[in-house]
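Each chain is listed here by its residues.
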Amino acid sequence: MNGVHDMGGMDGFGKVEPEPNEPMFHSEWEARVLAMVRAMGAAGAFNIDASRFYREALPPPVYLASSYYQKWLLGLEDLLLDKGYVTVDEIAAGRALSPPKPLGRGKFTLGDVERIMVRGQFGRAAPASARFRPGDWVRARNIHPRTHTRLPRYVRGHVGVVERDHGCQVFPDSAATDSGENPQWLYTVVFDGSELWGPDADPRSKISIDAFEPYLEPA
Amino acid sequence: MSDHAHEHSELSETELRVRALETILTEKGYVDPAALDAIIQAYETKIGPHNGAQVVAKAWSDPAFRRALLEDASKAVSTLGHVSRVGDHLVAVENTPQRHNMVVCTLCSCYPWEMLGLPPVWYKAAPYRSRAVKDPRGVLADFGVTLPSETEIRVWDSTAETRFLVLPMRPAGTDGFSESELAELVTRDSMIGTGLPKAPRAPS
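Residues numbered from 1 in each chain as written. Chains lettered and ligands numbered in written order. Predicted model: local features only at pLDDT ≥ 70, side-chain atom pairs only at ≥ 80, totals over all residues.

Details of the overall build of chain A
Here is the rule: Helix numbers and strand numbers start at the N terminus; a helix is a DSSP run of H or I with at least 4 residues, a strand a run of E with at least 2. In this scheme every C-beta is placed from the backbone, and a residue whose C-beta has 20 or more other C-beta atoms within 10 Å is buried, one with 12 or fewer is exposed, and one in between is partly exposed. We call two residues in contact whenever the C-beta atoms placed from their backbones are within 7 Å.
Tallying secondary structure elements over chain A gives eight helices and five strands in all. Ordered by position from the N terminus, the helices and strands of chain A form the series α-α-α-α-α-α-β-β-α-β-α-β-β. Overall, chain A is about 60 × 45 × 35 Å in size when its C-alpha atoms are taken along their principal axes. Here chain A holds 219 residues, and 41% of them are scored as buried. Intrachain contacts of chain A at a sequence separation of at least 6 include 66% that bridge at least 24 residues.

Overview of the overall build of chain B
The secondary structure content of chain B amounts to 11 helices and four strands. Projected onto the principal axes, the alpha-carbon positions of chain B cover approximately 55 × 40 × 40 Å. Of all 204 residues assigned to chain B, the portion counted as buried reaches 49%. A fraction of 66% describes how many contacts in chain B between residues 6 or more apart in sequence connect residues 24 or more apart.

Describing the packing of helix α3 (residues 49-61) of chain B against helix α4 (residues 63-71) of chain B
When two helices pack together, their arrangement is given by the angle between the helix axes and by the axis-to-axis distance. All names here are of chain B. Worth spelling out the cut-off: Helix axes use the C-alpha atoms of the stretch in contact, all axes being lines fitted to C-alpha atoms, and the angles between their N-to-C directions lie in the range 0 to 180 degrees. Oblique is the label for every angle not falling under 35 degrees (roughly parallel), over 145 degrees (roughly antiparallel), or within 65 to 115 degrees (roughly perpendicular). Following the grouping adopted for this structure description, the nonpolar residues are Ala, Val, Leu, Ile, Met, Phe, Trp, Tyr, Cys and Pro, the charged ones are Asp, Glu, Lys and Arg, and the polar ones are all others, Gly among them.
Running from N to C, α3 and α4 point in directions that differ by 125 degrees, and their axes come no closer than 5 Å. As the angle between them shows, α3 and α4 are arranged oblique. Counting all contacts with α3, which are made through Val 55, Lys 58 and Ala 59, the residues of α4 involved are Phe 65, Arg 66 and Leu 69. Across the contact of α3 with α4, the residue classes tally to four nonpolar, no polar and two charged.

Focus on the interface of chain A and chain B
Selection criterion: Each pair of strands is called paired provided DSSP finds at least two bridges between the two strands.
The interface of chain A with chain B comprises 69 residues on the first partner and 65 residues on the second. Mapped by element, the contributors of at least two residues to the side of chain A that touches chain B are α1 (28-42), α4 (68-82), α5 (88-93), α6 (113-116), β2 (159-169) and β4 (205-212) of chain A. When residues in the side of chain A that touches chain B are grouped by element, the largest group, nine residues, is from α1 of chain A. Of the residues belonging to the side of chain A that touches chain B, the class tally is 35 nonpolar, 15 polar and 19 charged. Both β4 of chain A and strand β3 (residues 152-157) of chain B contribute to a ladder of five bridges, which runs parallel. Paired with Ser 205 of chain A across the bridge in β3 of chain B is Ile 153 of chain B.

A word on the domain arrangement of chain A
One frequently used descriptor of interface size is the decrease in accessible area upon assembly of the parts. Residue and element names in this part refer to chain A. Note the following rule: Marked domain ranges trace back to an automatic or database domain assignment.
For chain A, the domain assignment lists domain 1 (28-116) and domain 2 (137-218). The interface is formed by six residues belonging to domain 1 together with five residues belonging to domain 2. Taken together, the residues of the side of domain 1 that touches domain 2 break down into two nonpolar, one polar and three charged.

Notes on the pairing of strand β4 (residues 163-167) of chain B
All names here are of chain B. Extensive coverage of β4 is indicated by the burial of five of its five residues. Side-chain alternation along β4 places Arg 163, Leu 165 and Leu 167 on one buried face and Phe 164 and Val 166 on a second face that is also buried. Across five bridges, strand β1 (residues 90-94) lies against β4 in parallel orientation. Its bridge partner being in β4, Ala 92 is matched across the sheet by Leu 165.

Focus: the confidence of the model for chain B
For clarity, the threshold we go by: You can read pLDDT as the predictor saying how much it trusts each residue, on a scale of 0 to 100.
Averaged over chain B, the pLDDT score is 92; the fraction of residues at 70 or greater is 92%. Both scores are given for the predicted complex: the pTM is 0.95, the ipTM 0.97.

Here's the deal with the sheet that holds strand β5 (residues 216-218) of chain A
Strands sit in the order β5(A)-β1(A)-β2(A)-β3(A)-β4(A)-β3(B)-β2(B) across an open sheet of seven strands; the sheet is mixed. For this open sheet the edge positions go to β5 of chain A together with β2 (99-104) of chain B, each flanked by a neighbour on one side alone. With strand direction ignored, the average angle separating the axes of adjacent strands in the sheet is 35 degrees. Here β2 of chain B runs beside β3 of chain B; their pairing, made up of six bridges, is parallel. Residue pairing in the sheet places His 100 of chain B in a bridge with Ile 153 of chain B of β3 of chain B.

Side note on the domain arrangement of chain B
You can read the domains of chain B as domain 1 (3-45) and domain 2 (48-192). Once you take the C-alpha centre of each, domain 1 of chain B and domain 2 of chain B turn out to be 32 Å apart.

The following block contains the structure:
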């Protein structure tokens, strides 16, 4: 979706301001939100692509005005409501009012913690051979899906070169809407700064994205 | 009402909302709160830039490991045992006098957690996500980093599950340093590409 989350190239947000000696969490509730998102995902309530999609789908003014973990909280509430794990009445009351919906992998308990500290594996068997090879020139397709995509707007329509082949992986555009993993080839594609930003670009800058094969066409 | 007071009431509202949600998830039998505590404790103790610093220091000291890291970072890091949580999708990219690498996630906050810990607020916030791909030299200036104008800047936008670790250049004056002495010089930002390693202290 063409949301405000797709920020690459936008102007007006000001300088980057690093915080010296930044703590891991700025409030205890941030840690609880992180843990709830990780636990409910691991229990099978949703996948990582759906959780990203729900944060992107927050109304733009809410997205821009919310802190990082506030976005996580709001996205989590919406996701659990839509998938039927909690109800609006329960959120309003702050307690359980209806029977639980069974979770794909059951209740998240202490024994599951170690498992989520190891990063997930997204590689999958290839359903077809790769269409592109390193060195090929490709154009990022001019597409504007209304649902989740990992093709940022700033590269659409632009020409770059395939640099790396990462094999076949879960396709976020499908997984985010529970339409299956639909594995696709994934490539690092490099663009010249001037191709993306015109004559004002830093002449010595190059920008790459990781692009799934359906995002690309031969150039 | 001042902005400050407003901020406080917003915060407590969020806190109440978080507690309410955790109560519901617990009462419905979806999560064990002790397991949530354990997740937080694991993040607070097991991950962090010390893991990445150890990998960088080893690459600076051991040419065979450096080659293996650049060839397949997931595999190379998995051989180090205690930093083995990295999964399959880690890529290490090497800074050289000709090219400086910088990592961003313009769409959300993708970051090599296992190597660097949870990302800092600035990495997840609009100024960095918007400008890193369009004005990388300007962003580096925000961090006080100036590179020669002929140095190419390569920005890696983390748009899939690949996670990127920058292998910075080994600082001059570190001949004979042990891996642990070298690791002390490796900053988190130097592995994101928004900073450079610390210079060694002059010998006393």
